Amino acid sequence: MEKHSKIYIAGHRGMVGSAILRKLQAEGYNNFVTRTSAELDLRSQQEVAHFFAAEQPEYVFLAAAKVGGIVANNTYRADFLYDNLQIQNNIIHYAYLNKVKKLMFLGSSCIYPKLAPQPLKEEYLLTGPLEATNEPYAIAKVAGIKLCDAYRSQYGCNYISVMPTNLYGYNDNYHPENSHVLPALIRRFHEAREQQAPEVVIWGSGEPRREFLFADDLAEACYYLMQHYNEPGLINIGTGEDISIKDLALLVKQVTGYKGEISFDRSKPDGTPRKLMDVSKLHEKGWKHHVALADGIALAYQDYLSKPAS
């Protein structure tokens, strides 16, 4: 990408898209095209067709998606499958029709089978059943990977797919029901501290292990791969390190300054027992993460505190 290249970031106001935008601006890029969801409904084939024909972007970061945690994924199953299929189908197809030079599709670690061997290697895709609670979202993301590969195979498009691990950071979603585990914990521990609650109850056993990557590290990896990676299939983006939900809760408790107790509601679902990415392929390409988890949580908490209460 040249500094003056026209770049479309789909989902530029979300946690991932805004991090990519910040990274590109810091690197001296200045020719961006963006649209809010109110300005452009990415589920509409007609609107997306008109947008690409009018704007003619040269590079596309496809970071737009309907996202949420376990509750949201399991509750809005039709929405998560339909909306995400529509968004990615429209953007990928009209990127091809309008001769976009390169497109990056951002997926998710939930594409891997629930009981796949750990750590998760790229070749484990489609080797077993998915985690039931987020299957619709995962199926949409798998379809996006395969669509990028199909356009590469049939039309020679330079479309790449990256699979981030669990993300957190600036502009995260802290909704009490629809957020992911780390922002949900930040909000819960902060509110418990403010209310001087004697106890914070965590869903599940606390035993599952998860990997977390600061969103600005992801943006740096995406920028690096957009410059250096041109292969079919997918590549994992993560830290290669994981932590139990219990230890994560203790870390958030420490960062937020909460003084009460922690208990675990074992009647609630745990989700996948472990989800650690194998990032050896990424490391071989020359990139590693920089932000340690405790430091990243502290940055995310300060960002949360800066937002108006909701």
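That block above? That's the structure.
The rules behind each value
Residue indices begin from 1 for each chain and proceed along its sequence in written order. The predicted origin of the model limits local features to residues at a pLDDT of at least 70 and limits the giving and counting of side-chain atom pairs to 80 or more, whereas totals for whole chains, interfaces and linings rest on all residues. Derived side-chain values reflect all non-hydrogen atoms in the structure, with water molecules and hydrogen atoms excluded from consideration. By definition, a salt bridge exists where a carboxyl oxygen of Asp or Glu is found within 4 Å of a side-chain nitrogen of Lys or Arg. Counting from the N terminus, the helices are DSSP H or I runs at least four residues long and the strands are E runs at least two residues long. For every residue, the accessible area obtained with a 1.4 Å probe (protein chains only) is divided by the maximum for its type, and the residue is called buried under 20%, exposed over 50%, and partly exposed between those limits. DSSP bridges decide pairing: two strands pair if at least two such bridges lie between them. For the purposes of this analysis, a disulfide is any pair of cysteine sulfur atoms at a distance within 2.5 Å. Note on definitions: a residue-residue contact is assigned when non-hydrogen atoms from the two residues lie within 4.5 Å. Helix span is expected to be 1.5 Å times the residue number reduced by one. When we speak of the arc, we mean the arc of directions from the helix axis to the C-beta atoms. Convention adopted: a line fitted to C-alpha atoms gives each axis, helices being fitted over their contacting stretch, and angles between N-to-C directions are expressed from 0 to 180 degrees. The set of buried Ala, Val, Leu, Ile, Met, Phe, Trp, Tyr and Cys residues whose side-chain atoms join them within 4.5 Å is what this entry labels a nonpolar core.

Colleague: How should I be thinking about the pattern of salt bridges in this particular structure?
Modeller: Should their charged atoms come close, side chains of opposite charge can pair. Enumeration over the complete set of coordinates arrives at 17 salt bridges. With a shortest N-O distance of 2.9 Å, K121 and D278 are connected by a salt bridge. In this pair, K121 sits in the loop between β4 (102-106) and α5 (135-155) while D278 sits in the loop between β13 (274-275) and α9 (280-285), placing the two residues 157 residues apart along the sequence. Here E207 ties to R266 by a salt bridge, and the two come within 3.4 Å at their closest N and O atoms. A residue pair is termed long-range when its members are at least 10 positions apart, and E207 in the loop between β7 (199-203) and β8 (209-210) and R266 in the loop between β12 (261-265) and β13 qualify at 59 residues. Taking the relative accessible area as the measure of exposure, R266 reaches 59% and is therefore exposed. One continuous salt-bridge network, built from bridges that share partners, spans K6, R35 and E55.

Colleague: Explanation requested: the sheet that holds β8 in the structure shown.
Modeller: In sheet architecture, strand pairing relies on hydrogen bonds along the backbone and comes in two forms, parallel and antiparallel. Overall, mixed pairing links the 3 strands, which are arranged β11-β8-β13 in an open sheet. Edge positions in the sheet fall to β11 (243-244) and β13, since each has one partner strand and no second. Relative to β13, β8 runs parallel, the two being bridged by 2 bridges. Pairing of R210 across the sheet is with K275, part of β13.

Colleague: I keep staring at the state of the cysteines and nothing clicks. Help me out?
Modeller: Simply put, disulfide is the name for a covalent bond between the sulfur atoms of two cysteines. Under the criterion given, the structure shown has 0 disulfides. No disulfide involves C110; its nearest neighbouring cysteine sulfur is the one of C148, lying 16 Å away. Summary of cysteine pairing: C148 is not part of a disulfide, and the nearest cysteine sulfur, belonging to C157, is at 9.1 Å.

Colleague: Sorry if this is basic, but what is going on with the environment of Q88 here?
Modeller: As for its position among the elements, Q88 is in helix α4 (residues 77-97). Separated by 144 residues in sequence, Q88 and P232 have C-alpha atoms that sit 17 Å apart. In this structure, Q88 is in contact with L62, F105, A140, K141, A143, G144 and L147, ignoring residues within four places of it in sequence.

Colleague: Which parts of the structure should I look at to understand helix α10 (residues 293-306)?
Modeller: It helps to recall that an α-helix has 3.6 residues per turn; residues three or four apart then point in one direction. Between its first and last C-alpha atoms α10 spans 20 Å; for 14 residues at 1.5 Å apiece the expected length is 20 Å, and the two agree. Along α10, the positions that sit buried rather than exposed are G296, I297, A300, Y301, D303 and Y304. Buried residues along α10 cover an arc of 160° about the axis, so they all sit on one side. Turning to α10, the residues buried within the fold contact β6 (166-168), α6 (181-195), β9 (212-214) and α8 (245-256).

Colleague: Would you explain the side chain of K6 in this entry?
Modeller: Inspection of the secondary structure puts K6 in the segment before β1 (7-10). Residues contacting K6, with those up to four places away along its chain left out, are N31, V33, E55, Q56, P57, E58 and Y59.

Colleague: Got a minute to help me understand α8 in this structure?
Modeller: Taking 1.5 Å per residue, 12 residues should reach 16 Å; α8 reaches 16 Å between its end C-alpha atoms and fits that length. Once α8 finishes, G257 follows within two positions and takes phi at roughly 80°, a positive value.

Colleague: Explain the sheet that holds β1 to me, please; I cannot follow it from the model alone.
Modeller: One open sheet holds the 6 strands; their spatial order is β2-β1-β3-β4-β5-β10, and the pairing between them is parallel. Sheet topology places β2 (32-33) and β10 (235-237) at the edges, where each strand pairs with a single neighbour. As defined by bridge partners, β1 adjoins strand β3 (residues 59-62) across 4 bridges and the pair is classed as parallel. Directly across from Y8, in β3, lies its bridge partner V60. Lying over the sheet, helix α7 (residues 215-228) contacts β3, β4, β5 (159-164) and β10, oriented at roughly 145° with respect to β4.

Colleague: Help me understand the nonpolar core, please; the structure alone is not making it clear to me.
Modeller: The tendency in soluble globular proteins is for nonpolar side chains to be buried as a group. Formed by 66 residues in total, the largest nonpolar core has its most connected members in F52 and I237. Counting residues per element, this core draws most heavily on α7, which supplies 8 residues. Of all hydrophobic cores here, the second largest spans 22 residues; its members include V200, I202, I245 and L248.

Colleague: I tried to follow unusual backbone geometry on my own but got confused; where do I start?
Modeller: Cis geometry marks the peptide bond from Q118 to P119; its omega dihedral reads -5°. On the secondary structure map, P119 appears in the loop between β4 and α5. Of note in this structure, K99 is not a glycine but carries a positive phi near 60°. Mapped onto the elements of the fold, K99 is located in the loop between α4 and β4. Of note, L126 is a non-glycine position whose phi angle comes to about 65°, a positive value. Tracing the backbone through its elements, the reader meets L126 in the loop between β4 and α5. We classify L126 as exposed; its relative accessible area is 56%.

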